[in-house]
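# Analysis of the macromolecular model
Each chain is listed here by its residues.
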Amino acid sequence: MVRRTKIVATIGPASEDETTLTEMVRSGMDVARLGLAHGTLDEAIERFRRIRKVSKAERRAVGIMVDLPGPKVRAASFGDDFVEFRSGTTVALTVGNTSSTNSVIEVDYEGLLTDMQIGDILDVGDSRVVLTVTDNSGDKLTACVTHGGVLSGNPGVHIPADRLRMSTPTESDFRALDAFVDLGVDMAAISFVRSAHDIRRVGTEPHPKGPLLVAKIETRAAVENLAGVIETAGAIMVARGDLGTECSIQELPHLQKVIIQKCIAGGRPVITATQMLESMVTRPTPTRAEASDVANAVFDGSSALMLSGETAVGSHPATVVATMDRIASRADEEFDFDLWAERLAELRMTDSATINASSITDAMTMAAWRAADGLDLSAILAISGTGFTVRSMARFRPRARIIGLSHDERVVNQLSLSWGTTPVQVPDKGSNEEMVQQALRVARDEGYVRSGETVAVLAGTDSQSRSSNVLRLETIT
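Keep in mind it's a predicted model, so treat the numbers as computed, not measured.

### What about the pairing of strand β14 (residues 235-239)?
- Most of β14 sits out of view: 5 of its 5 residues are buried.
- Burial along β14 is two-sided: Ala235, Met237 and Ala239 and Ile236 and Val238, pointing in opposite directions, are all buried.
- As paired strands, strand β13 (residues 212-217) and β14 are joined by 4 bridges and run parallel to one another. Residue pairing across strands places Ala215 opposite Ile236, the latter belonging to β14.
- As paired elements, β14 and strand β15 (residues 270-273) share 4 bridges and run parallel to each other. The partner of Ala239 across the bridge, within β15, is Ala273.

Following this line, the structure appears as structure tokens:
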């Protein structure tokens, strides 16, 4: 079985050279993530160009997602060496961005002294150090170290979202996004989303003309406004690091399952992220718990799994991707296709009283799933100008392989995030017959299907059709 769950890998200093990028693509990387919270914009742009070069050389569609930092609050630098904080000691917090020590932490956030209250908890460096505010003297905060640890560099400081006054996206986000839109980036992740309004503020053209917007669910407000966020965004990321800080840790696994189910029912790809194989930053193999976490994210229905520091700064990025590939592939074999499809079929995904392009595609993708399942077909060829049909088809998690075909290169790259989908670019043809015959030839010539196989083909009446309203069963010649 071809792996269905996609792999998103973060590119950083450890993985930015062409040799390593090539190894990662060959190991199974489907989407490359460029996190703009670290490094310069010029460095990220150069990485973007290298990824495109490697993707073309490997003749494989690799989507590129730029991850905007958002209103990320960081501590001033501790330097390259680790600085230790012991539980029970006190530390002062002031506004600044010059330097930090284990006695005074400068925080690059002007509202620190007015927004924080006594009793508030601050997580520093993804909870490596946890502080509780005990006093506010007007020019500094005093905090008790309730959980000690070590810090280095410029760690993030998590301020509760309901206290944070900064808007998302930030002005620096807009400037960075403009640069990547000009380059033709495929996806853009929006950090610290609180409502659909934050997504609308981005202001780019709707995908596929613009990037597919990925809303990162990492605040309590985003969970409370989940329906509107899903409706507005093109995809969702379950960012478990900050979400686990905003919400109680015991609720996080349940939120993950609920968010994934609602995203897929709405036809939105969903990425599960944060600390999936974190021990592999330094080790050649993951822990048993990490392997189980990856497998359970697959069982939950995740469209994609994301690697962060493991590939950005880890010792062996390609090995991490290969390990993720093996674990996810094995979990895919045990995925409960029947149960998932039955649950999804029971949901009312569109208003039955309203017939429009979306509802027609909903009905046709359900019909394609039933036909493929009932006839035990090996593949579903979904021809789409925007990718909507392919993402709608992927909701059903069919056993049959989805071949997503489009004449638009950006659509093909965006489909690299869609569960179970092999994205393929084809020439633009006018009539349904021309498109279908072209799709059949390409799928056969690329080795995705074999002569004599029967496949389902889902398409519109022509390349200008606003919905997929034709379903055909064809035998490969």
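There's more to say after this.
### Topic: the environment of Leu131
- You can see Leu131 is positioned in strand β8 (residues 129-136).
- A sequence separation of 180 residues divides Leu131 from Thr311, and the C-alpha atoms of the two residues are 29 Å apart.

### Brief notes about the packing of helix α2 (residues 41-58) against helix α4 (residues 171-183)
- Contact geometry of α2 with α4 gives a least axis separation of 11 Å together with a crossing angle of 20°. When the interaxial angle is binned, α2 and α4 end up roughly parallel. Our pair here, α2 against α4, has a crossing hand that is right-handed. On α4, the residues touching Leu41, Ala44, Ile45, Phe48 and Arg49 of α2 are Ala176, Ala179, Phe180 and Leu183.
- When its residues are assigned to classes, the contact of α2 with α4 shows 8 nonpolar, no polar and 1 charged.

### Considerations on empty space enclosed by the protein
- Summed over the entire model, instances satisfying the criterion amount to 4 cavities of 30 Å³ or more.
- Here the largest cavity is characterised by a volume of approximately 160 Å³.
- Lining the largest cavity are 18 residues, with Lys72, Val157, His158, Ile159 and Asp242 sitting closest to its centre.
- Elements with a minimum of two residues in the lining of the largest cavity: β7 (121-124), β11 (157-158) and α8 (240-246).
- Broken down by class, the residue content of the lining of the largest cavity amounts to 8 nonpolar, 6 polar and 4 charged.
- Its residues assigned to classes, the lining of the second largest cavity comprises 4 nonpolar, 3 polar and 4 charged.

### A word on the packing of aromatic side chains
- Across all of its chains, the model carries 7 aromatic pairs by this definition.
- Taking 5.9 Å as the distance between ring centres and 70° as the angle between the ring planes, the aromatic pair formed by Phe48 and Phe180 counts as edge-to-face. Of this pair, Phe48 sits in helix α2 while Phe180 sits in helix α4, and the two are 132 residues apart along the sequence. The burial state of Phe48 is the same as that of Phe180; both residues are buried.
- Between Phe335 and Trp340, the ring centres sit 6.4 Å apart and the planes meet at 50°, which makes this aromatic pair tilted.
- When its relative accessible area of 10% is taken as the criterion, Trp340 is described as buried.
- The structure contains a cluster of three or more aromatic residues connected by ring pairs, namely Phe335, Phe337, Trp340 and Trp419.

### Things to note about helix α17 (residues 432-445)
- Here α17 spans 20 Å end to end across 14 residues, near enough to the 20 Å set by a 1.5 Å rise per residue.
- Looking at the buried residues of α17, the elements they touch are β17 (379-383), β18 (401-406), β19 (421-425), β20 (454-459) and β21 (470-475).
- One or two residues past the end of α17 sits Gly447, with phi positive at roughly 85°.

### Quick notes on the environment of Thr422
- The topology assignment puts Thr422 in strand β19.
- Thr422 sits in the buried class, given a relative accessible area of 13%.
- Between the C-alpha atoms of Thr422 and Gly404, which are 18 residues apart in sequence, the distance is 5.8 Å.
- Excluding residues that lie within four positions of it along the chain, Thr422 makes contacts with Arg401, Ile402, Ile403, Gly404 and Tyr448.
- Engagement of the side chain of Thr422 in a polar contact is seen with the side chain of Arg401, the distance being 3.0 Å.

### A word on the nonpolar core
- Counting residues in hydrophobic clusters, the biggest one holds 87 residues, and the most contacted among them are Met29, Phe180, Ile236 and Ile259.
- With sequence-adjacent residues up to four places away left out, Ile259 is seen in contact with Ile217, Leu226, Ile236, Val238 and Leu243.
- Listed in part, the 25 residues of the second largest apolar core include Ile105, Val124, Leu151 and Ile159.

### Structural notes on the sheet that holds β8
- Strand order in the open sheet formed by 6 strands is β6-β5-β9-β8-β7-β11, with mixed pairing between adjacent strands. Both outer strands of the open sheet, β6 (104-107) and β11, are each paired with one neighbouring strand and no more.
- In this sheet, β6 lies alongside strand β5 (residues 90-95) in parallel orientation, the contact comprising 4 bridges. Its bridge partner being in β6, Thr94 is matched across the sheet by Glu106.

The rules behind the values
Residues numbered from 1 in each chain as written. Predicted model: local features only at pLDDT ≥ 70, side-chain atom pairs only at ≥ 80, totals over all residues. Heavy atoms only, no water. Buried < 20%, exposed > 50% of the residue type's maximum accessible area, 1.4 Å probe, protein only. Helix = DSSP H or I, 4+ residues; strand = E, 2+ residues; numbered from the N terminus. Pairing = 2+ DSSP bridges. Axes fitted to C-alpha atoms, helices over the stretch in contact; angles between N-to-C directions. Parallel < 35°, antiparallel > 145°, perpendicular 65-115°, else oblique. Left-handed = near helix turned anticlockwise from the far one by under 90°. Contact = heavy atoms within 4.5 Å. Nonpolar A, V, L, I, M, F, W, Y, C, P; charged D, E, K, R; others polar. 1 Å grid on protein atoms, 1.4 Å probe; cavity = no way out; pocket = protein on both sides within 12 Å on 5 of 7 lines; lining within 4 Å. Points joined across faces, edges and corners; volume = space filled by probe spheres on them. Phe/Tyr/Trp six-rings, centres within 6.5 Å; stacked < 30°, edge-to-face > 60°. Expected span 1.5 Å × (residues − 1). Polar contact = N/O pair within 3.5 Å; in protein donor to acceptor, adjacent residues only side chain to side chain. Core = buried A, V, L, I, M, F, W, Y, C linked by side-chain atoms within 4.5 Å.

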